[in-house]
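Geometric and topological summary
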Amino acid sequence: MEKIVINGGKPLYGDIWVSGMKNSAVAVIIGSLLIEDKCVIENLPDISDVAISFEILQHMGASVRRLNKTTYEIDNTRTKGGISPSELVRKMRASYYLLGAELGRFHRAYVDQPGGCYFGERPIDQHVKGFEALGGKFEVSKDTGYYKIEAPNGLKGASVFMDVVSVGATINTILAAVKAEGMTVIENPAKEPHVVDLANFLNTCGANVSGAGTDVIKIKGVNKLHGCSYAILPDMIEAGTCMAIAAATGGCIKVENVIPKHLESITAKLVEMGVEVEELDDAVIVSRSGDINKVNIKTQVYPGVPTDMNAQMCVLMCLANGGTSYLTEGVFENKFRYCEELRRMGAVIKLDGKVAAVEGRGILNPAVVKAVDLRAGAAMVVAGLAAKGRTEIEDIHHIERGYEDIVKKLRGVGADIKKIVIPEKFQYEKAN
Ligand code: UD1
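Attention in this report is confined to the structure presented alongside it.

What counts as what
- Residues numbered from 1 in each chain as written.
- Predicted model: local features only at pLDDT ≥ 70, side-chain atom pairs only at ≥ 80, totals over all residues.
- Heavy atoms only, no water.
- Near = heavy atom within 4 Å.
- Polar contact = N/O pair within 3.5 Å; in protein donor to acceptor, adjacent residues only side chain to side chain.
- Areas by Shrake-Rupley, 256 points an atom, 1.4 Å probe, with all protein chains shown as cover.
- 1 Å grid on protein atoms, 1.4 Å probe; cavity = no way out; pocket = protein on both sides within 12 Å on 5 of 7 lines; lining within 4 Å.
- Sits in = over half its atoms within 2 Å of the grid points.
- Helix = DSSP H or I, 4+ residues; strand = E, 2+ residues; numbered from the N terminus.
- Pairing = 2+ DSSP bridges.
- Contact = heavy atoms within 4.5 Å.
- Axes fitted to C-alpha atoms, helices over the stretch in contact; angles between N-to-C directions.
- Buried < 20%, exposed > 50% of the residue type's maximum accessible area, 1.4 Å probe, protein only.

1. Description of the site of the ligand
As a matter of local geometry, the ligand sits amid 22 residues, with Tyr96, Gln126, Ser166, Asp308 and Val331 nearest to it. A distance of 3.1 Å separates an oxygen atom of the ligand from a polar atom in the side chain of asparagine 23. Note that a nitrogen atom of the ligand is positioned 2.8 Å from one of the side-chain N or O atoms of aspartate 125. When the free accessible area of the ligand is taken as 740 Å², the share hidden by the protein chains comes to 89%. One can see that the ligand is located within the largest pocket. For the shell around the ligand, the secondary-structure elements that each account for two or more residues are helix H5 (125–133) and helix H6 (167–177).

Here is the structure:
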């Protein structure tokens, strides 16, 4: 067991290189199961969710070769369906892409229920709606609790209207439809850049997916997909987190390897808070010389402020110089579990359902806190870097699911941050 220790309270200066996007990396890796050939995937982040995705496919018969730190070759020629190991599937949310990918390739899927961050209920009814429209029959196995889908008569293109805008359901329906007979039309799909990334990857492999990133996605089924070489887009949430760090510490960070368009909603809110953001072609320079202003934010589906930035934005609201900011969660049921941790740092936050009223007190105090989930953990890093003194963050395995080399990258901009192993004696005391 490890923890992150930060001696915070000083402005940070320098450059941070943003890694490939976690949420498209996992979709592309698992989606590669559809391709009975070799695919080379570049710009993959070195994070545990990527490692687990590869491990799952290896258990199913894929062969995986690491070509360099960020590039892997995956060969799914011999991959078999229905045998993904439960203990790995339960470690991440994106393992539910096995449903669409297995269904698309084998016309059946058998996968345990996914894990990942807890944000209240995370239903999959819209995924099921997509699978059933294409001819799949879905059930939860009474014996194992696994999801089971069968399409003994094959898959046929269909029109699907998503009742809820869902990244997962959109990607799963695309995966199931790329090799289905005829045309599938998804209306009201998610428009997140990772949906576009997945569609571009599949198209590079010979699929015919159009309209990703717009209100209607059309998928013309093809018989066969072939191998390809494909580079994953940069991670907009890692970029947004680094922007929040520059804003919180009052330094100046050049966040490199980004697509500024993906960051527009975050940039707009930071500017409203009094932070300076300069957009370059593939970088943003974020700095702050004055106070942070209070602001109201509602997280929304893309192109709104991402729910994955909820916690990091809340830290900035705590650091605002006076006034109450209102933070409304517009996507998930329960995204505010991290507030308990911020309160240990002196934050004053009143919760009312999906709305947090955050008092701007200008400072946060150092404390021992937990990463309650991935982005909440990232927010603790933002808070710890801003708080003057020693902050310790426990349960950092959540952070490592989605942030490559976070300690090293932050040391590169001058942060006093390290990862230490918790001695076994204390692990025992903690467990008890
Ligand atoms: C994905 C991302 C996650 C991000 C989220 C929203 C991955 C692996 N995870 O999660 O980081 O926070 O998008 O951008 O890419 N819903 C339903 N029925 C469904 C599916 C979803 O009601 O069948 C609801 C959810 O409960 C939630 C909302 O739709 O309220 C959005 O969820 P969704 O976009 O599906 O999130 P995930 O794909 O789980």
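2. As for the sheet that holds strand E18 (residues 321–328)
Taken together, the 4 strands give an open sheet; going across it, the order is E17-E18-E20-E19, and neighbouring strands pair in mixed fashion. Only two strands of the sheet have a single partner each, and these edge strands are strand E17 (297–298) and strand E19 (349–352). Sheet analysis places E17 next to E18, joined by 2 bridges and oriented parallel. Across the sheet, isoleucine 297 pairs through a bridge with leucine 327, a residue of E18. On the sheet, helix H10 (residues 310–319) packs against E17, E18, E19 and strand E20 (355–361) and is oriented at approximately 40° with respect to E20.

3. Brief notes about the sheet that holds strand E7 (residues 137–140)
Within a sheet, each strand pairs with its neighbour through backbone hydrogen bonds, oriented either parallel or antiparallel. Sheet architecture is open: 3 strands sit in the order E6-E8-E7, paired in antiparallel fashion. In this open sheet, the two edge strands, each paired with only one partner strand, are strand E6 (108–111) and E7. Strand-to-strand twist across the sheet, computed as the mean angle between neighbouring axes with direction ignored, equals 15°. Across the sheet, helix H4 (residues 97–106) lies against E6 and strand E8 (147–150), angled at about 150° from E6, the strand it touches most.

4. Considerations on the side chain of lysine 22
Along the chain, the position of lysine 22 falls in helix H1 (residues 22–31). Overall, lysine 22 belongs to the buried group, its relative accessible area being 9%. A polar contact is formed between the side chain of lysine 22 and the side chain of asparagine 23, at a distance of 2.7 Å. Setting aside residues up to four positions removed in sequence, lysine 22 forms contacts with Pro45, Ile47, Asp49, Asp235, Leu374, Arg375, Arg401 and Gly402.

5. Thoughts on the environment of tyrosine 302
The topology assignment puts tyrosine 302 in the loop between E17 and H10. Considering only alpha carbons, one finds tyrosine 302 and glycine 213, 89 residues apart in sequence, at a separation of 9.2 Å. Residues contacting tyrosine 302, with those up to four places away along its chain left out, are Lys191, Glu192, Pro193, Met236, Lys261 and His262.

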